[in-house]
Amino acid sequence: MSRRAAGLILGLALLLVAGAALWWWRGGRGGPAAGRGGRSGSASAAAGSGAPTEMHAFDLYFPANDGLRAAHRSLPVTEEPKDRIRVVVTALLDGPGPATAAPAGGKPGGAASGPAAGPTAGAAAPGGGAAGANSGGAGGAGPAGLVRPFPPEVKLGGVELSADGIAYVDLRWSDHQDPPESGSTEEIQRVYSVVDTVALNVPQVNRVVLLWNGTQRTTFSGHLDTSRPLVPDRTLLAP
Amino acid sequence: VRAVLTRSDDSKLPLDSRTAIANQNKADLFVSLHLNSSLGSGAHGAETYFLSSQATDTRAGDAAASENSATAAPAAADGGQETQDLQMILWDLAQTHHLAESQRFAGMVQAELNQALELRDRGVKQAPFRVLMGAAMPAVLVELGFISNPEEEAKLQNPAYRADLIDALVRAIGRYLETSQPDTRSAPPLPPPQGAVRSSPSSPTPP
């Protein structure tokens, strides 16, 4: 009897350990910001502190031929605003997903594939359609002509959020001192895909400062003044 | 009409230096010509920008805060830096007084481009473009077409097409000058910020 009880307890303990390991592997490690530590914080820190994650619906604003178009995502986040910023920016940088796997309007089935904000191809542009069906672009066109705003090598370095609602989003591309060169529309698409995605999804954010490799620039890549925080621009959203 | 080019070759010129040249020449209009690109190759057409009011609002707030700060702590150890910051903000604000005229001029430029070239009308838009901020006169940034669009890129390589674009711009400038009061065109030029002509890290679409 006692050996049987001990075996039962041991089995339960093993199950608990395995479950915790699985949870950590699938959702608790944090995005690319994890490991930077310090003030930037990370999803893993939030998870490590025991903050629960839950699936939450977001609209990510990807470049398209006629402006920025929303792609719906359901992503695991905590209640912490910085975590939400980190998750939506990471999902934005992951791109709109493959053009061939775009179930219209659906939420992603099952768990997110990435640690914190893995790309889930449940994107659909409101009003969807073929507006940008022939678009190409550096990253290739995704669902409904959506385009990845930055090359895949660009990662989220860190996130800060000030008490007065200014989000600082640091994008990093190793060995690239400057952001990609671009015309004004391309630059607007890149910068405001981040600004609108952050400010329109995280209520605590009203302005966004975009950093490149940890530095705030006079202009992002030659046109837009990024020496001051940017407010979201809804006029860029495709009708 | 006398045109002053900020540069006549493919050299790079800091953004603030471009408006400084316009201000020093007491120009009536500032026109920044660009060729556009988009992340999607399907984008095409011309568009004309003037400075967004959001950009000027933000700077007005910064200027007020800086002035208040300088008044409250005139003997601060970094007072010199504050003065320089304020000077820079005032430089940024130079365009604020000309937004209405800039918008009017932008509409004329866009109309001429649309009419002459049968381009897709991408419209008059606003953005916080750095190159427009220091201009002490009505100022626009004109995107003449997308070199990321193969068809439009081919057109732009045709000298006759480029001449048509310039003709459209000249007509727009003529229309504007005919319909404006001289005293609404330009304000006394601001001096460039001392030691603070901030260079742009890159200048991808000359001029």
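Summary of the structure given here. (Residues numbered from 1 in each chain as written. Chains lettered and ligands numbered in written order. Predicted model: local features only at pLDDT ≥ 70, side-chain atom pairs only at ≥ 80, totals over all residues. Heavy atoms only, no water.)

**Remarks on the overall build of chain B**
Point 1. Looking only at helices and strands, one finds eight helices and four strands in chain B.
Point 2. Its helices and strands in sequence order give chain B the pattern α-β-β-α-α-α-β-α-β-α-α-α, from N to C terminus.
Point 3. For chain B, the proportion of its 207 residues judged to be buried stands at 48%.
Point 4. Taking the contacts inside chain B whose residues are at least 6 apart along the sequence as the reference set, 85% of them involve residues at least 24 apart. (Helix = DSSP H or I, 4+ residues; strand = E, 2+ residues; numbered from the N terminus. Buried < 20%, exposed > 50% of the residue type's maximum accessible area, 1.4 Å probe, protein only. Contact = heavy atoms within 4.5 Å.)

**Details of the sheet that holds strand E4 (residues 139-146) of chain B**
Point 1. Taken in spatial order, the four strands line up as E1-E4-E2-E3 (chain B) in an open sheet, and their pairing is mixed. Lying at the two open borders of the sheet, with one neighbouring strand each, are strand E1 (30-36) and strand E3 (121-127) of chain B. Across the sheet, the axes of successive neighbouring strands diverge by a mean angle of 20°, strand direction being ignored.
Point 2. Here helix H4 (residues 184-199) of chain A sits on the sheet and contacts E1, strand E2 (46-51), E3 and E4 of chain B; the angle it forms with E2 of chain B, its principal contact strand, is near 65°.
Point 3. Against the sheet, helix H4 (residues 99-117) of chain B touches E1, E2, E3 and E4 of chain B, its axis set at about 175° to E2 of chain B. (Pairing = 2+ DSSP bridges. Axes fitted to C-alpha atoms, helices over the stretch in contact; angles between N-to-C directions.)

**A short note on the pattern of salt bridges**
A side chain with one charge can pair with a side chain of the opposite charge if their charged atoms come near.
Point 1. Tallied over the full model, the rule gives 13 salt bridges over all chains.
Point 2. With a shortest N-O distance of 3.2 Å, aspartate 178 of chain A and arginine 217 of chain A are connected by a salt bridge. Taken as a pair, aspartate 178 of chain A in the loop between strand E4 (166-172) and H4 and arginine 217 of chain A in the segment after strand E6 (215-216) lie far apart in primary sequence, 39 residues in all.
Point 3. Residue classification places arginine 217 of chain A among the buried residues on the basis of a relative accessible area of 9%.
Point 4. Notably, a salt bridge pairs lysine 125 of chain B with glutamate 47 of chain B, separated by 2.9 Å at the nearest N-O pair. (Salt bridge = Lys/Arg side-chain N within 4 Å of Asp/Glu carboxyl O.)

**Overview of the packing of aromatic side chains**
The relative placement of two aromatic rings is captured by the distance of their centres and the angle of their planes.
Residues and elements named next belong to chain A.
Point 1. In the structure shown here, the tally under the stated rule is five aromatic pairs over all chains.
Point 2. Seen from their ring centres, phenylalanine 150 and phenylalanine 220 are 6.3 Å apart, and the 80° between their planes marks the pair as edge-to-face. Placement of the pair is phenylalanine 150 in the loop between helix H3 (81-93) and strand E3 (155-161) and phenylalanine 220 in the segment after E6, with a sequence separation of 70 residues. Neither phenylalanine 150 nor phenylalanine 220 differs from the other in exposure class; each is buried.
Point 3. Measuring from ring centre to ring centre gives 5.9 Å for tryptophan 212 and phenylalanine 220, while their planes differ by 90°; the resulting arrangement is edge-to-face. No difference in accessibility class separates tryptophan 212 from phenylalanine 220, as the two residues are buried.
Point 4. Grouping aromatic residues by their ring pairs yields a cluster made of Phe150, Trp173, Trp212 and Phe220. (Phe/Tyr/Trp six-rings, centres within 6.5 Å; stacked < 30°, edge-to-face > 60°.)

**Some remarks on unusual backbone geometry**
Residue and element names in this part refer to chain A.
Point 1. Of note in this structure, aspartate 175 is not a glycine but carries a positive phi near 70°.
Point 2. Along the chain, the position of aspartate 175 falls in the loop between E4 and H4.
Point 3. The class of aspartate 175 is exposed, set by a relative accessible area of 79%.
Point 4. The phi dihedral of asparagine 213 falls on the positive side, at around 50°, and the residue is not glycine.
Point 5. Of note, asparagine 213 is situated in the loop between strand E5 (207-212) and E6.

**Considering the packing of H3 of chain A against H4 of chain A**
All names here are of chain A.
Point 1. Their axes nearest at 9 Å, the elements H3 and H4 cross at an angle of 145°. For the pair H3 and H4, the sense of crossing is right-handed. Counted together, Ile85, Val88, Val89 and Leu92 of H3 and Ser193, Val194, Thr197 and Val198 of H4 form the full contact between these two elements.
Point 2. Of the residues that constitute the contact of H3 with H4, the class distribution is six nonpolar, two polar and no charged. (Left-handed = near helix turned anticlockwise from the far one by under 90°. Nonpolar A, V, L, I, M, F, W, Y, C, P; charged D, E, K, R; others polar.)

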